[in-house]
Amino acid sequence: MAGLTGQGTTVALTTGGAVACVRSLTLPTWTMEAIDASCLSDTGYMKKIAADLVDGGSVQVTAVFNVDDVPFTPDGVTDTLTITLPVDTLTGGILTGTGFVSEATLPSVEIGGLLEQSFTFTFDGTTGPTFTAAT
């Protein structure tokens, strides 16, 4: 199979609805910390074990901003983010999970520039994040 572009991807928040005209999207990095399990008697290399939990990470979204839009704000309200990636089949890959808007940047205003707002959605680990492969 040849690679795909992100064209056709949709982003939606349960309370805010669809995020209109997404210009760019950075999917999360999932990480598991390494715990130092070294003893004072060890030499050479540190001994490490995997932590118990995975950090669900965050998603960065940049979307067109219109003056009649209510800007995204980091208000601590729990929401569900659903990202649907396009494929050549009936259902694309879906990333979903609960979390909150943890950062929001209002547009830079300049001559000849498009007004865009960026926000960061941080997964809280309560539900997901989960990725469902395309079917």
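Residues numbered from 1 in each chain as written. Predicted model: local features only at pLDDT ≥ 70, side-chain atom pairs only at ≥ 80, totals over all residues. Heavy atoms only, no water.

Brief notes about the overall build of the protein chain
To be explicit about the condition: Segments assigned H or I by DSSP are reported as helices when at least four residues long, segments assigned E as strands when at least two residues long, and all are numbered from the N terminus. For this measure, only C-alpha atoms enter the radius of gyration; the expected value for a globule follows 2.2 Å times N^0.38, where N is the number of residues. In this scheme, a residue with accessible area under 20% of its type's maximum is buried, one over 50% is exposed, and one in between is partly exposed, where area comes from a 1.4 Å probe on protein chains only. The contact criterion used is simple: two residues touch if any of their non-hydrogen atoms lie within 4.5 Å. To be clear on the numbers: accessible area is Shrake-Rupley with a 1.4 Å probe, and residue cover counts the displayed protein chains and nothing else.
Secondary structure summary: the protein chain contains 0 helices and 10 strands in total. Sequence-ordered secondary structure for the protein chain, helices as α and strands as β, is β-β-β-β-β-β-β-β-β-β. In terms of overall size, the protein chain is more extended than a compact globule, its C-alpha atoms giving a radius of gyration of 19 Å where 135 residues would be expected to give roughly 14 Å. For the protein chain, the spread of C-alpha atoms along the three principal axes comes to 65 × 40 × 30 Å. The buried share of the protein chain, taken over its 135 residues, is 22%. Restricting the contact set of the protein chain to residue pairs at least 6 apart, pairs at least 24 apart contribute 67%. Surface summary for the protein chain: the accessible area is close to 9,000 Å², and the carbon and sulfur share equals 58%.

A word on the nonpolar core
Formally: We call a set of buried residues a nonpolar core when its members are Ala, Val, Leu, Ile, Met, Phe, Trp, Tyr or Cys and they connect through side-chain atoms within 4.5 Å of each other.
Counting 13 residues, the largest nonpolar core has Val 19, Val 59, Leu 81, Ile 83, Phe 119, Phe 121 and Phe 123 as its most contacted members. Only strand E1 (10–13), strand E6 (58–64), strand E7 (79–84), strand E8 (94–105) and strand E9 (116–123) provide two or more residues apiece to this core.

Details of the pattern of salt bridges
Between side chains of opposite charge, pairing is possible as soon as their charged atoms come close. Formally: When a carboxyl oxygen of Asp or Glu is within 4 Å of a side-chain nitrogen of Lys or Arg, the pair counts as a salt bridge.
Going through the model one piece at a time under the given rule, you end up with 1 salt bridge. Salt-bridge contacts for Arg 23 lead to Glu 116; the nearest nitrogen and oxygen are separated by 2.7 Å. Remark: Glu 116 occurs in strand E9 and Arg 23 occurs in strand E3 (residues 22–26); sequence separation between them is 93 residues. Classification of Arg 23 by relative accessible area gives exposed; the value is 52%. Under the relative-accessibility criterion, Glu 116 is labelled partly exposed at 26%.

Notes on unusual backbone geometry
A cis amide bond links Gly 128 with the next residue in sequence, Pro 129, at an omega value of 10 degrees. Counting through the fold element by element, Pro 129 comes out in the loop between E9 and strand E10 (130–132). The backbone of Cys 21 shows a phi angle near 45 degrees, a positive value even though the residue is not glycine. With respect to the helices, strands and loops of the structure, Cys 21 is situated in the loop between strand E2 (17–18) and E3. The partly exposed category is assigned to Cys 21, whose relative accessible area is 48%.

Observations concerning the pairing of E6
Stated formally: Whether two strands pair depends on DSSP finding at least two bridges between them.
Burial runs high along E6: 5 of the 7 residues are buried. Bridge analysis of E3 against E6 gives 4 bridges, and the strand direction is antiparallel. Residue pairing across strands places Leu 25 opposite Val 61, the latter belonging to E6. By the bridge criterion, 7 bridges tie E6 to E9 in an arrangement that is antiparallel. In the strand pairing of E9, Ala 63 is matched with Gln 117.

So, the environment of Ser 38
We apply this condition: A 3.5 Å cut-off defines polar contacts: any pair of N or O atoms within that distance qualifies, except that in protein one atom must be a possible hydrogen donor and the other a possible acceptor, and neighbouring residues in sequence count only when both atoms are side-chain atoms.
Mapped onto the fold, Ser 38 is located in the loop between strand E4 (34–36) and strand E5 (48–50). A residue is classified by how much of its surface remains accessible, and Ser 38, at 31% relative accessible area, is partly exposed. Along the sequence, Ser 38 and Ile 49 sit 11 residues apart, while their C-alpha atoms lie 9.5 Å from each other. What Ser 38 contacts, discounting residues up to four positions off in sequence, is Met 46 and Lys 47. Within the structure, the side chain of Ser 38 is placed 2.7 Å from the side chain of Asp 36, a separation counted as a polar contact. A polar side-chain atom of Ser 38 sits 2.9 Å from the main-chain amide nitrogen of Lys 47.

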